[in-house]
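# Topology and contacts: notes
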Number of protein chains: 2
Amino acid sequence: MAIIVKKFGGTSVADLERIKNVAKLVMKERANGYQVVVVVSAMATVTNSLVDLAKKASSLDDNEKLAEYDSILSTGEQISSALLALILQSYQVKARSWLGWQIPTITDNTHSKANILEINTDKIQEALNLDIIPVIAGFQAVTSNGRITTIGRGGSDTTAVAIAAALKAERCDIYTDVDGIFTADPRIVSTASKLDKISYEEMLELASLGAKVLHTRSVIMAMKHHVLVRVLSSFNEDSGTILTNEDKQMEQRLVTAVTCTSDEARITLSGLPKTIGVTAIFSLLAEHGINIDMIVQNSSNKGRNIDITFTSGKADFHKLVSILEKNKSILKYSDLDADPNVSKVSVIGVGMLSSAGVAQEMFKALADKSIEIIVISTSEIKISVLIAEEYMELAVRTLHSTFKLDS
Amino acid sequence: MAIIVKKFGGTSVADLERIKNVAKLVMKERANGYQVVVVVSAMATVTNSLVDLAKKASSLDDNEKLAEYDSILSTGEQISSALLALILQSYQVKARSWLGWQIPTITDNTHSKANILEINTDKIQEALNLDIIPVIAGFQAVTSNGRITTIGRGGSDTTAVAIAAALKAERCDIYTDVDGIFTADPRIVSTASKLDKISYEEMLELASLGAKVLHTRSVIMAMKHHVLVRVLSSFNEDSGTILTNEDKQMEQRLVTAVTCTSDEARITLSGLPKTIGVTAIFSLLAEHGINIDMIVQNSSNKGRNIDITFTSGKADFHKLVSILEKNKSILKYSDLDADPNVSKVSVIGVGMLSSAGVAQEMFKALADKSIEIIVISTSEIKISVLIAEEYMELAVRTLHSTFKLDS
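Attention in this report is confined to the structure presented alongside it.

What counts as what
- As a convention, each chain's residues are numbered from 1 in the sequence order in which they are written.
- Chains and ligands are labelled by the order in which they are written, letters from A for the one and numbers from 1 for the other.
- For a predicted model such as this one, the threshold for reporting local features is a pLDDT of at least 70, and the threshold for listing and counting side-chain atom pairs is 80 or more; totals across whole chains, interfaces and linings nevertheless cover every residue.
- The atoms used to superpose the copies are C-alpha atoms, taken from residues with pLDDT of at least 70 in both, and the fit is least squares.
- For every residue pair, C-beta atoms are placed from the backbone, and the pair is scored as a contact if these atoms sit within 7 Å.
- Secondary structure is summarised from DSSP: a helix means a run of H or I of at least four residues, a strand means a run of E of at least two, and numbering begins at the N terminus for each.
- Three classes are used, and their members are as follows: Ala, Val, Leu, Ile, Met, Phe, Trp, Tyr, Cys and Pro are nonpolar, Asp, Glu, Lys and Arg are charged, and the others, Gly among them, are polar.
- A strand pair is defined by DSSP finding two or more bridges across the two strands.
- Where helices are involved, their axes are fitted lines through C-alpha atoms of the stretch in contact, as for all axes, and angles between N-to-C directions lie from 0 to 180°.
- Geometric relationships in this document are graded by angle, where less than 35 degrees denotes roughly parallel, more than 145 denotes roughly antiparallel, 65 to 115 denotes roughly perpendicular, and other angles denote oblique.
- In this scheme the handedness of a crossing depends on how the near helix is turned from the far one: anticlockwise by less than a right angle means left-handed, clockwise means right-handed.

## A word on the relation of the copies chain A and chain B
- Mapping chain A onto chain B is achieved by rotating through 180 degrees and translating by 0.1 Å along the same axis, at an RMSD of 0.1 Å. Each copy turns onto its partner about a two-fold axis. Closest approach to the rotation axis within chain A is made by the C-alpha atom of T75 of chain A, at a distance of 2.8 Å.

## Concerning the interface of chain A and chain B
- Taken residue by residue, the interface counts 25 residues in chain A and 25 residues in chain B.
- Residue assignment for the side of chain A that touches chain B shows that the elements contributing at least two residues are α2 (46-57), α3 (63-73) and α4 (75-90) of chain A.
- Of all the elements, α4 of chain A adds the most residues to the side of chain A that touches chain B, at ten residues.
- Here the residues of the side of chain A that touches chain B sort into eleven nonpolar, ten polar and four charged.

## Things to note about the sheet that holds strand β1 (residues 3-8) of chain B
Residues and elements named next belong to chain B.
- Read from one edge of the open sheet, eight strands run β3-β6-β2-β1-β9-β11-β12-β10, paired in mixed fashion. The sheet is open, and its two borders are formed by β3 (95-98) and β10 (197-199), each paired with just one other strand. The mean angle between the axes of side-by-side strands here comes to 20 degrees, regardless of whether they run parallel or antiparallel.
- Pairing between strand β9 (residues 171-176) and strand β11 (residues 229-233): five bridges, direction parallel. Residue pairing for β11: Y175 is matched across the bridge by L232.
- Sheet strands touched by helix α6 (residues 155-166): β1, β2 (35-40), β6 (133-137), β9 and β11. Its angle to β1, the strand with the most contacts, is close to 175 degrees.

## Topic: the packing of helix α6 (residues 155-166) of chain A against helix α8 (residues 216-224) of chain A
All names here are of chain A.
- Two numbers describe how α6 lies on α8: the axes approach to 8 Å, and their chain directions differ by 15 degrees. Judged by the angle between their axes, α6 and α8 are roughly parallel. With respect to the hand of their crossing, α6 and α8 are arranged in left-handed fashion. Between α6 and α8, the contacting residues are D157, T158, V161, A162 and A165 on the first element and R217, S218, M221 and A222 on the second.
- Residues that form the contact of α6 with α8 fall into these classes: five nonpolar, two polar and two charged.

The structure is reproduced here in structure tokens:
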């Protein structure tokens, strides 16, 4: 019998009424003739409350402390998985909850963002053979030494895809509070429409660029293990969006989606001696744990100096500026200009692989609206531009229309 | 190095400030040159909230459902143990939390009131050897099959005593929100005083008779394994009460404590044919899961019938009366008289073992206050009487004074 893994996020299990709805979706799929394995997140807001409690207790500045933090955080999924199993049982369906250590899902000991090494599906398979629905607590696992780990925020998606891969499931349904993947954020673009299909690569770019529906790691894992993933809502009957390998239909679209994020800040250093170069800057920032995203470098007039502009997470902005100012005598730049009010707008589509001219069309459309591009960064299936934050919505709507995504 | 086990109840770990106080008590004991093992309950009110949540999700009418219930309930101690370990670490003390399954503490699979079969202390001992303070989640354990169990309400006391026995600890300190064991409830008797010592047997009677400081099972376990237990408050520096074997000092006291409870209700059946007898009644009630406590039986005038009076938990009162009424035609009694407004008042003391006359003195003191005794029940070190509830406080104060316990 074919297996379907169904994963329900925090809003889908937010209270007992929502969990009863989940139980009904599970029973319905089972009535379709599938063996169903369920993966659940913690009830909405529970994880955040637990994080707050742990952080109030102590700083979390070493792996031993993070081990205790993981033990605290994992209780969220421990409760939601047992509640769903209880409710399924109250509907006369055989079910039982499984914690990370009970399966076991083995990770390394990088607490709070552990990496899955191995999933032993023997016991889950045994439960399925006995007609018992396994309800797996997502996000949590265990080290080979028997300590509880968590695999990072959004980790329940990754748990679900990993379980689906290990069980060779026919499909992994990721239930959330949106209908699927859209051509743009419907709150910004009223004419945005839901995509029936999207390629793994496009989804990966979308996830990296601020679309919060799926976690990047889960997409990478799905791509690697060829897991057919469907993203859909537990609040309605919509069929959602299927993540799959590219096909003809997808390639015919020049651009699949337009996305934007305001999570980044811009820094420009002028008059940096070529002898010092960018490496010095980026090693310095790496030492302080600051990640850099977009980078552009121009030679300045005299030929001996360069200007460099880059972006980094907005959360690190003040720390970043202070580090650069403290090290001015070492880096020997003449001027520092920083701006947190910027946005990154991107167009994504596997169609770009076979079509030139997308970039030119994008730049022209933005120029027509007098939107200045500060930095450009591209991949094979994506073009991102950094612009002033106040133009973000206009830029997204303009590009959505330029690439004929309006429904 | 000698080991001391310290157990902290729900009010002692109610919030982060209280947990910090617990950390300081632990560090202080350690500075005295002991190896300290900590056992914690869930933060006050947490367990009740989890019970409510589980009960709202489903009835808990079989062992499979109770297995999920145990998984939910055990998160309370999972959180408090990790928080205390975190706080100890933030004070630069090596510490780590231990869950029931990590130790492991093995029980049978009677979920929600499992019985401890075995505790493997190897890992705890290893931690102690590495100078790490083990912080053990009380109340929870695991079956040999790897499912989480809980050992019943008040179970953290039992966990602590069992761990102390397994580790051959020098003492087991049970921290609570009262100063120790008193000669009577200080809310009823203003002259009640704290006992420095009490025998296991006396404590057992007290625990069975409504003193909520220690759980009966933990006292039985302490007695069986000769664990020296101290009951004390985490809110002040008082030295508490030591539970130990009887000694000269204890035997010199005729009565050690006066206790009372209003948890029971009285039932009297008159004119019950001797041919039917009490066995029929008590088998019937046992079938319905109703426990009977005090029993008194009188032959009535005609010689062929008997009258019987007994008490049972107040919570079962309506169910009990309804069962007896439904079965009147089978039991053939002539009259049923029931009263939930009764109290049981008891005097306890190992001194009774070697001194006659305590009962007589007790009955006379009550008679002098015109308090009618409905039922009497005695053990070697205890005399209990059932009286009208409205006289309870007066009876306790009178006996406290009669047996010279006023401080």
